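Summary of the model geometry
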Amino acid sequence: CPFGLYFRAGFMGVSGVNRTAGGERVKLDNTEITFNMFYDLGGVYALNINKHVSVCAAPAVSMLFVNSEYRNFSNIYKSRASTDSLFGVGITADIYAKIRYKYFVAAAGCAASFYPLALVTSADSSINYSTNIRDTMAYNLRPYVSIGFTFKEHTALNIAPGGL
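Rules used in this analysis
Residues numbered from 1 in each chain as written. Predicted model: local features only at pLDDT ≥ 70, side-chain atom pairs only at ≥ 80, totals over all residues. Heavy atoms only, no water. pLDDT = per-residue confidence, 0-100. Helix = DSSP H or I, 4+ residues; strand = E, 2+ residues; numbered from the N terminus. Pairing = 2+ DSSP bridges. Patch = residues over 30% accessible without salt bridge, like charges linked within 9 Å, V, L, I, M, F, W, Y side chains within 5 Å. Areas by Shrake-Rupley, 256 points an atom, 1.4 Å probe, with all protein chains shown as cover. Salt bridge = Lys/Arg side-chain N within 4 Å of Asp/Glu carboxyl O. Buried < 20%, exposed > 50% of the residue type's maximum accessible area, 1.4 Å probe, protein only. Core = buried A, V, L, I, M, F, W, Y, C linked by side-chain atoms within 4.5 Å. Contact = heavy atoms within 4.5 Å. Lys, Arg positive; Asp, Glu negative; His and termini not counted.

Once that is clear, we can look at the confidence of the model for the chain. Per-residue confidence for the chain gives a mean pLDDT of 84; residues scoring 70 or more make up 89%. Considering each helix and strand of the chain separately, the mean pLDDT is smallest for strand S2 (residues 16-21), with a value of 77, and largest for strand S4 (residues 36-48), with 93.

Before going further, it helps to examine the pairing of S4. Remember that side chains alternate between the two faces of the sheet whenever the strand is regular. Both strand S1 (residues 3-12) and S4 contribute to a ladder of ten bridges, which runs antiparallel. Paired with Phe11 across the strands is Met37, a residue of S4. The pairing of S4 with strand S5 (residues 53-72) spans ten bridges and is classified as antiparallel. For Ala46, the partnering residue across the bridge sits in S5 and is Cys56.

A contiguous nonpolar surface patch, about 680 Å² in accessible area, is contributed by Phe7, Tyr39, Leu41, Met63, Phe65, Phe87 and Leu119. Mapping Met63 onto the fold places it in strand S5. We classify Met63 as partly exposed; its relative accessible area is 33%.

This next bit is on the nonpolar core. The biggest cluster of nonpolar side chains holds eight residues, and these are Tyr6, Val44, Ala46, Cys56, Ala58, Ala60, Tyr96 and Ala107. Mapped by element, the contributors of at least two residues to this core are S4, S5 and strand S6 (80-124). When neighbours within four sequence positions are excluded, Val44 is seen to be in contact with Pro2, Phe3, Gly4, Leu5, Tyr6, Cys56, Ala57, Ala58 and Tyr96.

With that out of the way, let us pick up the environment of Phe73. Topologically, Phe73 is positioned in the loop between S5 and S6. Not counting chain neighbours up to four residues away, the residues in contact with Phe73 comprise Ser79, Arg80 and Ala81.

Another aspect to go through is unusual backbone geometry. Of note in this structure, Lys102 is not a glycine but carries a positive phi near 50°. For Lys102, the location among the structural elements is in strand S6.

Turning next to the pattern of salt bridges. One pass over the full model with this rule turns up five salt bridges. A salt bridge links Asp40 to Arg142; the nearest nitrogen and oxygen atoms lie 2.8 Å apart. Of this pair, Asp40 sits in strand S4 while Arg142 is found in strand S7 (residues 138-154), placing the two residues 102 residues apart along the sequence. Residue Asp40 is classed as buried on the basis of its relative accessible area, which comes to 0%. Of the charged contacts, one joins Glu69 and Arg71 as a salt bridge, the two residues approaching to 3.1 Å between their closest N and O atoms. The exposure class assigned to Arg71 is partly exposed, which follows from its relative accessible area of 34%. If you follow the salt bridges from partner to partner, you end up with Arg8, Asp40, Asp94 and Arg142 in one network.

Along the polypeptide, Lys98 turns up in strand S6. As a buried residue without a salt bridge, Lys98 has its nearest oppositely charged side chain in Asp94, at a separation of 10 Å.

Written out as C-alpha cells, the structure is:
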C-alpha cells in the first residue's frame, strides 16, 4: 500500500534572536541550553520509481516550541537578562526520496513548516515593552539526510496470480 502514517519528533537549536521592541533593535545570542522541539503527525504517500527507490510526499499537522535565553551578569551595573519563547501550531509539507536495499534504508529531503497560530512571549530586563505580541506567525525549513535499518528485508519479489 503506498499510503501510510508517520510521527516525527526532533530537537532544534537556537543560536540567537533578532528583536525589535520599544524602538530598539538588538541581536542577542542564546547563552542558555534549552530543549526546543517540533512534532509532526501526518500521512505519507510513496510513489515507487523502481524496486529500490521511491519519492514520498508527507503532509502533516505540526507543533513547535522554541525558547531562547540571554544572560549577561558580568557587569553589575549593566547586567541583562532576556527570554523569548514561541509556541506554534501549523502544517508541514515534506518531500523526500527514499532508497531501500535489503535491510538498509536511506532518505534525503526537505520539510517546510508554517505556523499561522503562534504565541510569542518575550521579556528583557534592559528595555520596557509589552509582552502582548500580536499578529505572530512562524516558519522553518529543515533539509535532512537520514540512514537506518528495517526489521524486514526489502526484496523485489511480487506475489501475483499464477505464481511468483
